[in-house]
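Examining the three-dimensional arrangement
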Amino acid sequence: MKTRAITGFFFIIVMLGSVLLGHYPFGIFYLVLSLLCLHEFYGLNIKSGIQPNRAAGFINAVLIYGVFAFITYQDSPLLHKLLFLITLSISAVFIQELFKLSVAPFTNIAYTLGGLVLVCLPFTFFHALAYVRGAFNFHFPLAFLLMLWSNDTGAYLVGRAFGRTKLFERHSPKKTWEGFIGGVLIAAIVGFIISLYFTDLPWNQWVSIAIIIGCFGTLGDLVESMFKRSINIKDSGGILPGHGGLLDRFDGFLIAAPIVYTYLYFVVNV
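Model, not experiment: these values are computed from the prediction. (Residues numbered from 1 in each chain as written. Predicted model: local features only at pLDDT ≥ 70, side-chain atom pairs only at ≥ 80, totals over all residues. Heavy atoms only, no water.)

Successive side chains on a regular strand alternate, one facing one side of the sheet and the next facing the other. Pairing of strand E1 (residues 166–168) with strand E2 (residues 172–176) involves two bridges; the strand directions are antiparallel. Counted as the bridge partner of Lys166 is Thr176 from E2. Counted along the chain from E1 to the antiparallel partner E2, the turn is three residues long. (Pairing = 2+ DSSP bridges. Helix = DSSP H or I, 4+ residues; strand = E, 2+ residues; numbered from the N terminus.)

Shown next, in the form of structure tokens:
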């Protein structure tokens, strides 16, 4: 528990610092973090006997994140043309399998592209949260992290104290409905508190975002548990002592980030 607490403290400091330090540290930090998570994802699949194309995956991840990061920062017709480079890099994932002696080429392709969808795109959407109003604004990504962490902590504490009814035992035996509801409620309270300081949105919109994070963050956690069970592992890695791997810490983030950005873009229309 001591190791877990120390690791968690420094992890939170680094995460908060990456958001508060401005445009360039924010963009670079989450690109590196997305590549580390992708490295972890591919490594787990390799251990289970699958052979994703790591080099092609990393190249595509940098292109996808980088091109969309530049578009959100400064939109221009030239940057939109760069999007078509991604068609070439994605096609290379299929073409390279022609020259590999593999018994399951499309399994390798599927896991290579699956890593981009599950890991790279969520970080791309999270980066875009800072630019939903044009110029860099740390309020949205910071609020997202605070509500996500409050949901996780609330679900753990309430579930441990009052949890009786299993939420989705097949994939996560420890999760309960009581913990899920408690986590969402605590995230909603934090969302309301955030509205007192970040007036970009009215309180009801911040609370709505908190509820979205609580619901889809939990689903993301279940998806990652399903993935780990499918390849028969407990933790995604050991980079964070006491916490497991990076994917273990960002499981809820991976599903919630794209949904929250979509909500802001289409519903709130910030």
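After presenting the structure, the write-up continues.
Here we take up the packing of helix H6 (residues 105–129) against helix H11 (residues 251–268). Helix-helix packing is characterised by the crossing angle of the two axes and by the distance between the axes. Look at H6 against H11: their axes get within 8 Å of each other, and the N-to-C directions meet at 40 degrees. In terms of their interaxial angle, H6 and H11 are classed as oblique. Of the two possible hands of crossing, H6 and H11 adopt the one that is left-handed. For the pair H6 and H11, contact is made by Leu118, Val119, Pro122, Phe123, Phe125, Phe126, Ala128 and Leu129 and by Phe253, Leu254, Ala257, Pro258, Val260, Tyr261 and Leu264, respectively. Counted by class, the contact of H6 with H11 contains 15 nonpolar, no polar and no charged residues. (Axes fitted to C-alpha atoms, helices over the stretch in contact; angles between N-to-C directions. Parallel < 35°, antiparallel > 145°, perpendicular 65-115°, else oblique. Left-handed = near helix turned anticlockwise from the far one by under 90°. Contact = heavy atoms within 4.5 Å. Nonpolar A, V, L, I, M, F, W, Y, C, P; charged D, E, K, R; others polar.)

By the definition in use, this model includes 23 aromatic pairs. Consider the rings of Phe41 and Phe227, whose centres lie 5.0 Å apart with planes at 25 degrees: the pair is stacked. Here Phe227 lies in helix H9 (residues 203–230) and Phe41 lies in helix H2 (residues 23–47), a separation of 186 residues in the sequence. Of the residues examined, Phe227 reaches a relative accessible area of 12% and is grouped as buried. Residues Phe192 and Trp203 carry aromatic rings whose centres are separated by 6.0 Å and whose planes lie at 75 degrees to one another, so their mutual orientation is edge-to-face. Of this pair, Phe192 sits in helix H8 (residues 177–197) while Trp203 is found in helix H9, placing the two residues 11 residues apart along the sequence. Aromatic ring contacts, followed pair by pair, group Phe26, Phe29, Tyr30, Phe123, Phe126, Tyr131, Phe136, Phe144, Phe250 and Phe253 into a single cluster. (Phe/Tyr/Trp six-rings, centres within 6.5 Å; stacked < 30°, edge-to-face > 60°. Buried < 20%, exposed > 50% of the residue type's maximum accessible area, 1.4 Å probe, protein only.)

What follows concerns a nonpolar patch on the surface. On the surface, Ile189, Phe192, Ile193, Leu196, Tyr197 and Trp203 cluster together into a nonpolar patch covering about 710 Å² of accessible area. In terms of residue count, the dominant contributor to the nonpolar patch is H8 (five residues). (Patch = residues over 30% accessible without salt bridge, like charges linked within 9 Å, V, L, I, M, F, W, Y side chains within 5 Å. Areas by Shrake-Rupley, 256 points an atom, 1.4 Å probe, with all protein chains shown as cover. Salt bridge = Lys/Arg side-chain N within 4 Å of Asp/Glu carboxyl O.)

Right, let's talk about H2 for a bit. Spanning 25 residues, H2 covers 37 Å between terminal C-alpha atoms, matching the ideal 36 Å at 1.5 Å per step. In the segment just after H2, Gly49 is the residue with positive phi, at about 100 degrees. (Expected span 1.5 Å × (residues − 1).)

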